[in-house]
Amino acid sequence: MHMRHGWMAALLVYGVATGTAHAQTGANDLGARLMQDAAVRAAVEAAKADEAQTIEDQVRVCEVPAPPFKEAERAKLVAGMFRDIGLANVRIDNVGNVLGDRPGAAERPRLVFAGHLDTVFPEGTNVKTTREGTVIKGPGIGDDCRGLAVVLAVARAMNRAHVQTPGTITFVANVGEEGLGDLRGVKYLFNDSMKGQIDRFVSVDGTGLGITHIAVGSFRYKVTYKGPGGHSYGAFGLANPIHALGRAIAKISDFQVPREPKTTFNVGRIGGGTSVNSIAFEAWMEVDMRSADPASLQSVDANFNKAVEQALVEENERWNNSGRLTMDKQVVGTRPAGRTAADAAIVQAAVSATKALNLPVTLDEGSTDSNIPMSLGIPAITIDGGGRGMGAHSLGEAFDSTDSWKGTERAVLIAIALAQK
Ligand SMILES: [Zn+2]
């Protein structure tokens, strides 16, 4: 799931068009050159011809629940589909990612082409889909059942057209993209199971035709103030966890952050207390901070850590209660910021594929599985899977499949382009 920033996209597209006209002509026409190849063209055409199957897959995958940390059932289904398509060495790794290889002439370069299995919806959510004309409704239908269906479609189209590539593609359906999943699936790929073996990474996430190359990073915390608590009248004079929390929130509310690079902070949830006539024994908050710029993210994070410590000290000092209140600070999410430069070969390959198919080029920023490779300096992008999405992360999520084959076609051409030397 990621956000759009139209003005920034326009700016960046302009930059690509003007800044690279001379330097990158090779990468700039890669998509068009590949389309001269009969097998590549056949694969792209197969993607369009098989779009009905792709949408059927999208629904099939989506009707198997994949709540946070419980993706196993959907993983099993996708592993079977990988095998049916003919991928090699289909396996499920220790965190639950599904992997399947499509060997090229050589093992390297290796492209990982991924979609995420998990949804934001809790266990027990009704995941049955309904259709009305071109619109399919169902939780997760766009984010990211569309991505999974496109990953499957790319593998199938390439096999059907017998496309041979110099490099190898590992197709992946990964766990843990959403929320508290904290990118654990992709973290495991890059830090463990495929460490040092991934040269390029593409995540297909969501709907539309954007190309995300800037990773908005985030730090998330749950902070809990604790104290002995007591009667509001009888124990008056005790440091109060809710008052400490209030002090912390007041400090956070006054943070100054740069508008560019956009840097944000938010106290998203608060809780605690016993009753109106009790000094609370506990109060907590959940805080989210974001920026696409690692230094700005570090800076707002440092301010946050100082603020919650100071609030604790001030509340204890206010009542001469030194040490009676304590604070527990828990990191509940870390998504590193990063970027793949707009003129990097992987972005240019995606742009050239988009142009070769006469589709509009939109460069985006967002928070996706690509945050991990981008923060490691490994070329990565997240692409949309086509079609039009509505109400992502809501129970009313819907997907309009009108012309969605355009996204599938483009994904095929991008995958082939990135499996070249
Ligand atoms: Zn997503």
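Reference entry: report on the structure contained in this document. (Residues numbered from 1 in each chain as written. Predicted model: local features only at pLDDT ≥ 70, side-chain atom pairs only at ≥ 80, totals over all residues. Heavy atoms only, no water.)

## Regarding the packing of helix H5 (residues 51-62) against helix H6 (residues 72-85)
At step 1: The contact between H5 and H6 brings their axes to 10 Å, and the two run at 150°. Our classification of the angle between H5 and H6 gives roughly antiparallel. Judged by residue contacts, Asp 57, Arg 60, Val 61 and Cys 62 of H5 engage Arg 74, Leu 77, Val 78 and Met 81 from H6.
At step 2: Of the residues in the contact of H5 with H6, the class split is 5 nonpolar, no polar and 3 charged. (Axes fitted to C-alpha atoms, helices over the stretch in contact; angles between N-to-C directions. Helix = DSSP H or I, 4+ residues; strand = E, 2+ residues; numbered from the N terminus. Parallel < 35°, antiparallel > 145°, perpendicular 65-115°, else oblique. Contact = heavy atoms within 4.5 Å. Nonpolar A, V, L, I, M, F, W, Y, C, P; charged D, E, K, R; others polar.)

## Notes on helix H9 (residues 241-253)
At step 1: Taking 1.5 Å per residue as the helical rise, H9 with its 13 residues ought to reach 18 Å, and the 18 Å between its terminal C-alpha atoms agrees with that figure.
At step 2: Three or more residues of H9 are buried, namely Pro 241, Ala 244, Leu 245, Ala 248 and Ile 252. In a view along the axis of H9, the buried residues occupy a sector of 100°, so they form one face of it.
At step 3: Against the buried residues of H9 lie strand S9 (217-226), strand S11 (263-272), strand S13 (282-291) and helix H10 (294-318).
At step 4: Structurally, the start of H9 carries an N-cap: the backbone nitrogen of Ile 242 is 2.7 Å from a side-chain oxygen of Asn 240. (Expected span 1.5 Å × (residues − 1). Buried < 20%, exposed > 50% of the residue type's maximum accessible area, 1.4 Å probe, protein only. Arc of directions from axis to C-beta. Polar contact = N/O pair within 3.5 Å; in protein donor to acceptor, adjacent residues only side chain to side chain.)

## Section: the pattern of salt bridges
At step 1: Under the definition given, this model contains 21 salt bridges.
At step 2: Between Asp 29 and Arg 33 there is a salt bridge whose closest N-O contact spans 3.0 Å.
At step 3: Between Asp 57 and Arg 156 there is a salt bridge, and its shortest N-O distance comes to 3.0 Å. Here Arg 156 lies in helix H7 (residues 145-160) and Asp 57 lies in helix H5, a separation of 99 residues in the sequence. Take Asp 57 and Arg 156: they sit in the same class, and that class is buried.
At step 4: What emerges from the salt-bridge pattern is a single network uniting Arg 91, Asp 101, Glu 107 and Arg 110. (Salt bridge = Lys/Arg side-chain N within 4 Å of Asp/Glu carboxyl O.)

## Overview of the environment of Asp 293
At step 1: Mapped onto the fold, Asp 293 is located in the loop between S13 and H10.
At step 2: The partly exposed category is assigned to Asp 293, whose relative accessible area is 24%.
At step 3: Between the alpha carbons of Asp 293 and Ser 275 there is a distance of 42 Å; along the sequence they are 18 residues apart.
At step 4: Those residues in contact with Asp 293 that lie beyond four places of it in its chain are Pro 261 and Ala 337.
At step 5: Only 2.5 Å separates the side chain of Asp 293 from the side chain of Ser 296, close enough to count as a polar contact.

## Overview of the pairing of strand S8 (residues 211-215)
At step 1: Counting buried residues along S8, 5 of its 5 residues qualify, which places the element largely inside the surrounding structure.
At step 2: Of the pairings in the sheet, the one linking S8 to strand S17 (residues 380-383) comprises 2 bridges and is antiparallel in character. Bridged to Thr 212 within S17 is Thr 382.
At step 3: Two strands pair when backbone bridges link them, and S8 and strand S15 (residues 338-339) are joined in this way by 2 bridges, in the antiparallel orientation. The residue bridging Ala 215 from the neighbouring strand is Gly 338, located in S15. (Pairing = 2+ DSSP bridges.)

## Some remarks on the sheet that holds strand S4 (residues 130-132)
Remark on secondary structure: sheet strands pair via backbone hydrogen bonds, oriented parallel or antiparallel.
At step 1: Read across the open sheet, the 4 strands follow the order S4-S5-S19-S18; overall the sheet is antiparallel. Of all strands in the sheet, those bounded by a partner on one side alone are S4 and strand S18 (388-390). On average, adjacent strands in this sheet sit at an angle of 20° to one another, irrespective of strand direction.
At step 2: Where S4 meets strand S5 (residues 135-137), 3 bridges bridge the pair, whose relative direction is antiparallel. Residue pairing for S5: Thr 130 is matched across the bridge by Lys 137.

## Describing empty space enclosed by the protein
At step 1: In the structure shown here, the tally under the stated rule is 1 cavity of 30 Å³ or more.
At step 2: Estimated volume of the largest cavity: approximately 30 Å³.
At step 3: Contributing elements (two or more residues each) for the lining of the largest cavity: helix H4 (38-49) and H7.
At step 4: For the lining of the largest cavity, the leading source of residues is H7, giving 3 residues.
At step 5: Residues of the lining of the largest cavity, tallied by class, amount to 4 nonpolar, 1 polar and 2 charged. (1 Å grid on protein atoms, 1.4 Å probe; cavity = no way out; pocket = protein on both sides within 12 Å on 5 of 7 lines; lining within 4 Å. Points joined across faces, edges and corners; volume = space filled by probe spheres on them.)

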